[in-house]
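# Understanding the architecture of this molecule
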Amino acid sequence: MERKDIKQSEIWDLSLIYQSDEAFAKDLEEAKKLANHLEEQKGHMTDTSNQFYTFLNDYTMLDRLISKLYCFAHLHADVEPSIQNYQYMLSSVLSFNDLVNKKLDFTELEIIHHKDIVLTYLEEDRFAPYRYPVKSILREEAHMLTQEMETLLSKVSPLADTPEQAFNALRLNYGDITVDGQTEPLNGASLSRLLRHKDQNVRRRAYEQFYGKYQEFENVFAATLSGTMKKDAFYADVRKFENPLVASLWKDDVPEELFYKILEKANKQYRPLFHRYNKLKKQLLKVDTLYNYDLFAPLVADVNKSYTIDECFDIILDVVSVFGEDYVNIIKQARAERWIDFHPTTNKRTGAYSSGCYDARPFILMNFIGDYNSLSTMIHELGHSCHTYLSCKYQHPATSDYRIFVAEVASTVNETLLINYMLEHAQTDEEKAYFLYEFLENCVGLIFRQPMYAEFEDELHHWAQNNEPMNASRITQLYDQLNDDYYGEDVVNDQYVGHSCFYIPHFYYNYYVYKYTLGMTVALAIVARILKGDQQQVADYLSFLSSGGSMSPLQLLEKAGVNPLEDAIYDDAFQYFESLLNEFEAIMLHQ
């Protein structure tokens, strides 16, 4: 589909950020002036309380401007990458951000060097919004370097991000595929649909044609992926962290035990549950050999759910009504103000995300195709957007941006509420089985598959830390072996499974994927209480959504009423999966 053929109401309205390129350019120039002004404060930013307060205000405004500029540029570039003006805008913002990091690389060191007087300033009432951000900087003292070294690192930063930028810039052409007599372009969105096709040959051809491209360019993707791992290992080493994992967790102020607790639960203690699930799939599909590309095949053939955009919104508004009128109105505002770019188009970025900032709406990119996954993705991304909207509404700009560590909670709560809603409104056993299957698949993705990804990423980081080779062959062999162990003896992996790791963007996010599991387990606990009518849980959850980054991630989750360091949360999540599996199995084997 070409972008010009889509209704305006189903394309996001980025004029809500800037109404013209001239407005964008004006803010970029304003940001440059502000950066120069802040640079002039070097050596004097903490001289007096007023100077420090003014510096923090100006620094926050600069960050707001850069975030707004970046949102406008990257959103445009993600949907129309062939328009060079947008690529130039994006490049301009990224280059300027790199320059700012160099200009202002003295900031954290000066705050740390003058921590005694800074702590005195923070006692003043007017510094209240800056207390947590500044104390977070002071916490970095043990890992800060000399001014010369910090300057050097800021100059290296643009080079270090090159692998991820190269990955994001790559747009593979997967060609066309003919299915049921119809020819259509193969892309990420159509692959997802074709893997659900009832014909195993269609699933196989789509899978092999799509991931065969990653084998064709395996050396390129191996270089970008290994480059990112080496970058993480480099920064961990120079900042005196034990390893890249500890360095990543340090930013979120969480212990290393949390990461390995999740892997222990998913990849060891409860993995037999997933093997049992795959064994059931093989039985229900009635195939002699169950390949990995068969795992998404629909198991409830009699139920075929499709949705229009309007129908999706009707369902979503009903689902989130449990949070009250204010939350519902945010969803309505998202539709009315056109925050969402719905349809897959030529060269548009695949997948889905929510992206916003203090001075821009939390826009959503989707590749909507009208299936249940599209509905689920929509409510997922709206969860992110509502979290961003409420944080920006109720927090000071300095504390409005929440950490990635807690980012998946809001989206997963929404998804979990949706599936419970669909189960509750199921009219027949077949329909109930359909949504049980969808819920099981969602759980698999979050509490089983993501920990496998995390184990893969952790191993690659160990390789990088130990200066071990990371060529395409070794990377794909590792991923292939992990998949064999993960799926169990009832699943035979296709020849391209090892290369499918090159498609996953989250491996470039520095230990991000395990947070999906955290989000799911926490979400199950929150949703279970909400569905029991616990109004205090609703209030605690909304308070969490409105708290932005005003405290540590663990404190934020405790504010939401959950503690991710407790075994019980994970045990409850996997046991809940087992109860769903029992119910699904009972329906399917006794029809």
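Structure shown above.
Here's a quick rundown of the structure. Bear in mind that the values here come from a model prediction, so they are computed numbers and not experimental data. (Residues numbered from 1 in each chain as written. Predicted model: local features only at pLDDT ≥ 70, side-chain atom pairs only at ≥ 80, totals over all residues. Heavy atoms only, no water.)

### Focus on the pairing of strand S1 (residues 176-179)
The alternating pattern of S1 places Ile177 and Val179 on a buried face, while none of Asp176 and Thr178, on the opposite face, is buried. With four bridges connecting them, S1 and strand S2 (residues 182-185) associate as antiparallel partners. Residue pairing for S2: Ile177 is matched across the bridge by Glu184. The hairpin formed by S1 and S2 contains two residues between the paired strands, and Asp180 there has a positive phi angle of roughly 55 degrees. (Buried < 20%, exposed > 50% of the residue type's maximum accessible area, 1.4 Å probe, protein only. Helix = DSSP H or I, 4+ residues; strand = E, 2+ residues; numbered from the N terminus. Pairing = 2+ DSSP bridges.)

### Some points on the pairing of strand S4 (residues 353-357)
Side-chain alternation along S4 places Tyr353, Ser355 and Cys357 on a buried face and Ser354 and Gly356 on a face that remains uncovered. By the bridge criterion, four bridges tie S4 to strand S5 (residues 360-365) in an arrangement that is antiparallel. Pairing of Tyr353 across the sheet is with Leu365, part of S5. In sequence, S4 turns back onto S5 through a hairpin of two residues.

### Section: the nonpolar core
The biggest cluster of nonpolar side chains holds 199 residues, and the ones touching the most others in it are Leu62, Phe448, Phe456, Ile475, Phe577 and Phe584. In terms of residues, this core owes the most to one element, helix H19 (residues 429-465), which gives 19 residues. When sequence neighbours within four positions are dropped, the list of residues in contact with Phe577 reads Leu273, Tyr277, Leu440, Cys443, Val444, Ile447 and Phe448. (Core = buried A, V, L, I, M, F, W, Y, C linked by side-chain atoms within 4.5 Å. Contact = heavy atoms within 4.5 Å.)

### Concerning helix H7 (residues 147-160)
An α-helical turn contains 3.6 residues, so any two residues separated by three or four positions project in the same direction. The end-to-end C-alpha distance of H7 is 19 Å, a good match for the 20 Å that 14 residues give at a rise of 1.5 Å each. Among the residues of H7, those classed as buried are Glu150, Leu153, Ser154, Ser157 and Ala160. If you follow the buried residues of H7, they end up packed against helix H3 (84-103), helix H4 (107-113), helix H8 (162-169) and helix H11 (218-238). (Expected span 1.5 Å × (residues − 1).)

### Here we look at the packing of aromatic side chains
The full count for this structure, using the stated rule, is 56 aromatic pairs. Each ring, one from Tyr453 and one from Phe507, has its centre 5.6 Å from the other, and the planes form 80 degrees; the classification is edge-to-face. With Tyr453 in helix H19 and Phe507 in the loop between helix H20 (472-487) and helix H21 (514-531), the pair connects residues that are 54 residues apart, well separated along the chain. Phe507 shares its class with Tyr453; the two are buried. Through a chain of ring-to-ring contacts, the aromatic side chains of Phe167, Tyr174, Tyr207, Phe210, Tyr211, Tyr214, Phe221, Tyr291, Tyr293, Phe502, Tyr503 and Tyr508 assemble into a single cluster. Positioned over the ring face of Tyr53 is Arg126, at 4.7 Å from the centre of the ring. The ring of Trp463 carries the charged tip of Arg474 above its face, separated from the ring centre by 3.8 Å. (Phe/Tyr/Trp six-rings, centres within 6.5 Å; stacked < 30°, edge-to-face > 60°. Lys NZ or Arg CZ within 6 Å of the ring centre and 35° of its normal.)

### Remarks on the side chain of His76
Along the chain, His76 turns up in helix H2 (residues 49-79). The class of His76 is buried, set by a relative accessible area of 13%. Setting aside anything within four residues of it in sequence, one finds His76 in contact with Leu14 and Tyr86.

### Digging into the environment of Val118
In this fold, Val118 is placed in helix H5 (residues 115-122). We classify Val118 as buried; its relative accessible area is 0%. Taking the C-alpha atoms as reference points, Val118 and Val319, separated by 201 residues in sequence, lie 47 Å from one another. In contact with Val118, other than residues within four places in its own chain, are Thr46, Phe52, Ile111 and Val134.

### Side note on the pattern of salt bridges
Once their charged atoms are close, side chains differing in charge can pair, the charge on each being opposite to the other. According to the stated counting rule, one finds 31 salt bridges in the structure shown. Here Arg349 ties to Asp78 by a salt bridge, and the two come within 3.9 Å at their closest N and O atoms. Here Arg349, found in the loop between strand S3 (340-341) and S4, pairs with Asp78, found in helix H2; they are 271 residues apart in sequence, far enough to count as distant. Looking at Arg349, the relative accessible area reads 23%, which means it is partly exposed. A salt bridge links Arg193 to Glu184, with the nearest nitrogen and oxygen atoms 2.5 Å apart. According to the relative accessible area criterion, Arg193 is partly exposed, its value standing at 34%. The class for Glu184 is buried, based on a relative accessible area of 19%. Through salt bridges with shared partners, a single network forms among Arg3, Asp341 and Lys348. (Salt bridge = Lys/Arg side-chain N within 4 Å of Asp/Glu carboxyl O.)

### Digging into the packing of H19 against helix H24 (residues 567-588)
Where H19 contacts H24, the axes come no closer than 9 Å and their chain directions differ by 150 degrees. In terms of their interaxial angle, H19 and H24 are classed as roughly antiparallel. The element H19 and its partner H24 pack so that their crossing is left-handed. Across from Asp429, Lys432, Ala433, Leu436, Tyr437, Phe439, Leu440, Cys443, Val444, Ile447 and Phe448 in H19, the residues of H24 making contact are Ala573, Phe574, Tyr576, Phe577, Leu580, Leu581, Glu583, Phe584, Ile587 and Met588. Here the contact of H19 with H24 is built from residues that sort into 18 nonpolar, no polar and three charged. (Axes fitted to C-alpha atoms, helices over the stretch in contact; angles between N-to-C directions. Parallel < 35°, antiparallel > 145°, perpendicular 65-115°, else oblique. Left-handed = near helix turned anticlockwise from the far one by under 90°. Nonpolar A, V, L, I, M, F, W, Y, C, P; charged D, E, K, R; others polar.)

### Examining unusual backbone geometry
Despite not being glycine, Lys240 has its phi angle at roughly 65 degrees, a positive value. Turning to its location among the elements, Lys240 is positioned in the loop between H11 and helix H12 (244-252). The exposure class of Lys240 is exposed, given its relative accessible area of 54%. Positive phi, normally seen in glycine, also occurs at Lys286, with a value near 55 degrees. You can see Lys286 is positioned in the loop between helix H14 (271-285) and helix H15 (309-319). You can call Lys286 exposed: its relative accessible area is 75%.

By themselves, these figures tell us nothing about what the structure is for.
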